[in-house]
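# Coordinate analysis (summary)
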Amino acid sequence: MPISRTTPRGLLAFQLIPMETIVSKRKIAQNSLPGSSITVGLDIGYGVTKAVTTDQIVTFPSVMGHARELKFAQEDIAERHPGDQIMDDEGAWFVGDLALAQLPPGELLRLRGRTANEATMGNAFRLRLAKVAIGKLVAGMWNRDIVHIRLASGLPVDHMRDAAELKAALVGQHIIRTDTAELVANISEVMVMPQGYGSIYAMSLSEGGEINRQHTYRRTGVCDVGTYTVDLALDDEGEYVDAESGSVESGVYTAQERIAAVLERDYRQKMPFKIVEEVLRTGVFRANGQPVDYSVIVEEALAPLRSATLSLLGEKWHGGATVDVIYLSGGGAELVYDDVQAAYPQTQLLPEAQLANARGYLHYARFVARQG
Ligand SMILES: Nc1ncnc2c1ncn2[C@@H]1O[C@H](COP(=O)(O)OP(=O)(O)OP(=O)(O)O)[C@@H](O)[C@H]1O
Ligand SMILES: [Mg+2]
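Looking now at the overall build of the chain. On a plain count of helices and strands, the chain comes out with 12 helices and 18 strands. Buried residues in the chain amount to 54% of all 372 residues. Considering only residue pairs separated by 6 or more positions, the chain has 69% of its internal contacts joining residues 24 or more positions apart. Element-wise, carbon and sulfur atoms account for 52% of the exposed surface of the chain, whose accessible area totals about 16,700 Å².

Once that is clear, we can look at empty space enclosed by the protein. Applying the stated criterion across every chain yields a total of one cavity of 30 Å³ or more. Reported here for the largest cavity is a volume of approximately 50 Å³. Looking at the lining of the largest cavity residue by residue, the class counts come to three nonpolar, three polar and one charged.

In this section: the site of ligand 1. Lining the immediate surroundings of ligand 1 are 20 residues, of which Tyr46, Gly47, Val48, Glu277 and Gln354 lie closest. A distance of 3.2 Å separates an oxygen atom of ligand 1 from a polar atom in the backbone of Thr229. Within the backbone of Gly331, an N or O atom sits 2.8 Å from an oxygen atom of ligand 1. For ligand 1, whose free accessible area comes to 650 Å², the fraction covered by protein is 92%. The set of elements that each furnish at least two residues to the shell around ligand 1 consists of β2 (48–52), α8 (252–267), α9 (273–282) and α11 (333–343). Taken together, the residues of the shell around ligand 1 break down into six nonpolar, 10 polar and four charged.

Turning next to the pattern of salt bridges. Oppositely charged side chains can form a pair if their charged atoms are brought close together. Under the definition given, this model contains 23 salt bridges. Glu264 serves as the salt-bridge partner of Lys270, at 3.6 Å between the closest nitrogen and oxygen. The exposure class of Lys270 is exposed, given its relative accessible area of 66%. As a salt-bridge pair, Arg281 and Glu277 come within 3.5 Å of each other at their nearest N and O atoms. Taken together, the residues span about one helical turn, with Arg281 and Glu277 both in helix α9 at a distance of four residues. Relative accessible area serves as the criterion here: at 63%, Arg281 is assigned to the exposed category. The partly exposed category is assigned to Glu277, whose relative accessible area is 22%.

In a regular helix each residue adds 1.5 Å, so 23 residues correspond to 33 Å; helix α10 (residues 295–317) covers 31 Å between its end C-alpha atoms and thus fits that length. Along α10, the sharpest change in direction is near 35° and occurs at Ala303; proline Pro304 comes one to four residues later. Taken as a whole, α10 has its buried residues at Val298, Ala301, Leu302, Leu305, Arg306, Ala308, Thr309, Leu312, Leu313, Lys316 and Trp317. Just past α10, the residue His318 takes up positive phi, approximately 50°.

We now examine the nonpolar core. Counting residues in each nonpolar core, the largest one holds 38 residues, and the members touching the most others are Ile149 and Leu183. Of all the secondary-structure elements, those providing two or more residues to this core are β1 (37–44), β3 (57–61), β6 (91–95), α5 (118–137), β8 (145–155), α6 (163–170) and β10 (182–194). Counting residues per element, this core draws most heavily on α5, at eight residues. Residues in contact with Leu183, not counting those within four places in the same chain, are Ile134, Val138, Met141, Arg144, Asp145, Val147, His174, Ile175 and Ile176.

A sheet is described by the order of its strands in space; here 10 strands give the open sequence β3-β2-β1-β8-β10-β9-β5-β6-β4-β7, paired in mixed fashion. Each edge of the open sheet carries a strand with a single partner, namely β3 and β7 (109–110). Inspection of the sheet shows β8 paired to β10 by 11 bridges, in the parallel sense. When the bridges of β10 are listed, Asp145 appears paired with Leu183. Of the strands in this sheet, β8, β9 (172–178) and β10 are in contact with α6, which crosses β10 at around 165°.

Attention shifts here to the environment of Ser206. Counting through the fold element by element, Ser206 comes out in the loop between α7 (196–204) and β11 (219–225). Separated by 157 residues in sequence, Ser206 and His363 place their C-alpha atoms 6.2 Å apart.

What follows is about the packing of aromatic side chains. Here the structure, examined in full by the defined rule, presents eight aromatic pairs. Judged by centre distance (4.9 Å) and plane angle (50°), the ring pair of Tyr228 and Tyr253 falls under tilted. Highlighted residues: Tyr228 in the loop between β11 and β12 (230–236) and Tyr253 in helix α8, separated in sequence by 25 residues. Measuring from ring centre to ring centre gives 4.8 Å for Tyr267 and Phe285, while their planes differ by 50°; the resulting arrangement is tilted. Here Tyr267, found in helix α8, pairs with Phe285, found in strand β15 (residues 284–287); they are 18 residues apart in sequence, far enough to count as distant. We classify Phe285 as buried; its relative accessible area is 6%.

What follows is about the environment of Gly154. Tracing the chain through its elements places Gly154 in strand β8. The sequence separation of Gly154 and Met193 amounts to 39 residues, and the corresponding C-alpha distance is 4.6 Å. Apart from the residues lying within four places of it in its own chain, the contact partners of Gly154 are Leu42, Val192, Met193, Gln195 and Tyr361.

Each pair of packed helices can be described by the angle between their axes along with the distance between the axes. Direction vectors running N to C along α10 and α11 enclose 35°, while the axes themselves pass 10 Å from each other. Our pair here, α10 against α11, has a crossing hand that is right-handed. Across from Leu302, Leu305, Arg306, Thr309, Leu310 and Leu313 in α10, the residues of α11 making contact are Leu335, Val336, Asp339, Val340 and Ala343. Here the residues of the contact of α10 with α11 sort into eight nonpolar, one polar and two charged.

The rules we used
- Within any chain, residue numbers begin from 1 and follow the written order of that chain's sequence.
- Written order decides the labels, with chains lettered from A and ligands numbered from 1.
- Local features in this predicted model are restricted to residues of pLDDT 70 or higher, and side-chain atom pairs are both shown and tallied only at a pLDDT of 80 or more, whereas totals for entire chains, interfaces and linings draw on every residue.
- Side-chain metrics in this entry use all non-hydrogen atoms of the structure; hydrogen atoms and water are not considered.
- Helix and strand labels come from DSSP, where a helix needs a run of H or I of at least four residues and a strand needs a run of E of at least two; each type is numbered from the N terminus.
- Under the scheme applied here, a residue whose accessible area is under 20% of the maximum for its type counts as buried, over 50% as exposed, and between as partly exposed, the area being computed with a 1.4 Å probe on protein chains only.
- The criterion used for residue contact is that any of the two residues' heavy atoms lie within 4.5 Å.
- Only the protein chains shown count as cover for residues, and the accessible areas themselves come from Shrake-Rupley with a 1.4 Å probe.
- Using a 1 Å grid laid over the protein atoms alone, points where a 1.4 Å probe fits but cannot get out form a cavity; open sets with protein on both sides within 12 Å along at least 5 of 7 lines form a pocket; any residue with an atom within 4 Å of a point counts as lining.
- Grid points are joined across faces, edges and corners, and a volume is the space filled by probe spheres set on the points.
- Only Asp, Glu, Lys and Arg are considered charged, only Ala, Val, Leu, Ile, Met, Phe, Trp, Tyr, Cys and Pro nonpolar, and every remaining residue, Gly among them, polar.
- We call a residue near a molecule or strand when any one of its heavy atoms sits within 4 Å of it.
- What qualifies as a polar contact is a pair of N or O atoms within 3.5 Å, subject to a donor-acceptor requirement within protein and to the restriction that residues adjacent in sequence count only when both atoms come from side chains.
- A carboxyl oxygen of Asp or Glu within 4 Å of a side-chain nitrogen of Lys or Arg is what we treat as a salt bridge.
- Here a helix's expected span is defined as the number of its residues, less one, multiplied by 1.5 Å.
- Bend is computed residue by residue as the angle between axes fitted to the seven residues ending at the residue and the seven residues starting at it.
- Take the buried Ala, Val, Leu, Ile, Met, Phe, Trp, Tyr and Cys residues and link them wherever side-chain atoms come within 4.5 Å; each set so joined is a nonpolar core.
- Pairing between two strands is assigned when DSSP locates at least 2 bridges connecting them.
- Think of each axis as a best-fit line through the C-alpha atoms, taken over the contacting stretch in the case of a helix, with angles from 0 to 180 degrees between the N-to-C directions.
- Two rings from Phe, Tyr or Trp (for Trp, the six-membered ring) form a pair when their centres sit within 6.5 Å of each other. Planes less than 30 degrees apart are called stacked, planes more than 60 degrees apart edge-to-face, and all others tilted.
- A clockwise turn of the near helix away from the far one marks a right-handed crossing, whereas an anticlockwise turn of less than a right angle marks a left-handed crossing.

Dropping the structure here:
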């Protein structure tokens, strides 16, 4: 591989170890051929970014920070976090798990709370996350080969007025330079819908974009339990019903925060996010290698999320008599399923619930393509 490209400041692989060394050691399977076209379903959450294609799934935390010079084990670190380094006009960035692992909390930037100029800042942030996701989907593509992309995505209902701006930010040719790819992404088409519709299309359309004849419901509800928000969307025979849709400021992070606080109290140290997540999922904390039962703590930590979800459902759909089916999606779906199902028997937990929106966006993009 020619060395004659300009090496950007701060990108681990380029800066510290000549690219060839990394590439030869890290045989990166080429996922897409130059000039090929791919369709991508992209769900950029406040906590986690999810991207799916026909045969690939990419997920990483929606967090980033300016790249840092690492004094040691650069190669090993780059190996652990392939595709988490990107270079663009605003410099070199660590993204996702690499950012969480190597940057101090104060240097971490999140999509959430980009108060200043939500739309523009938010869309610039979303564009960088989208480029990282694409870089991971076509890892191993170099030499600025071009890949054509049809992209379907979503925005929180309250941000749908920024849809046109998001489309404008995403559509077009983008140079993507990461530690595992350097290509030109020609995003030829962008579709943006209210986030919850992803979960509806995941069930009402097939992967090929055909209408799912099984999905005969007239009024379909989606309850998307995310990191920072729980979102409800109601669709009445294809029409979005705003009055019966809405969000509440609660999410899986409320449980993660409580568990983190208890662990810090019990072990007098701040726990890495990964460990908090594991305790939430398993109910077990491994102290000095020994399993400690935290299931009671986890149940208590989940109470606010469960009651916030039920009260939002009650506020928007009352007893649920007028909602034919409720699709439960998002990373927190499993955590509230029993409570929601008990109150609303028409509830269905979507398979791989965290990826439901992204999968539905992909189905929708296929559906549009079929309309020709
Ligand atoms: N099976 C699971 N059990 C527990 N937590 C999970 C599970 N799957 C995912 N999560 C966690 O659920 C959280 C929410 O995930 P999700 O991807 O839906 O959030 P998001 O879309 O980023 O958030 P938001 O919708 O608020 O923007 C994440 O913190 C994720 O790590
Ligand atoms: Mg979400």
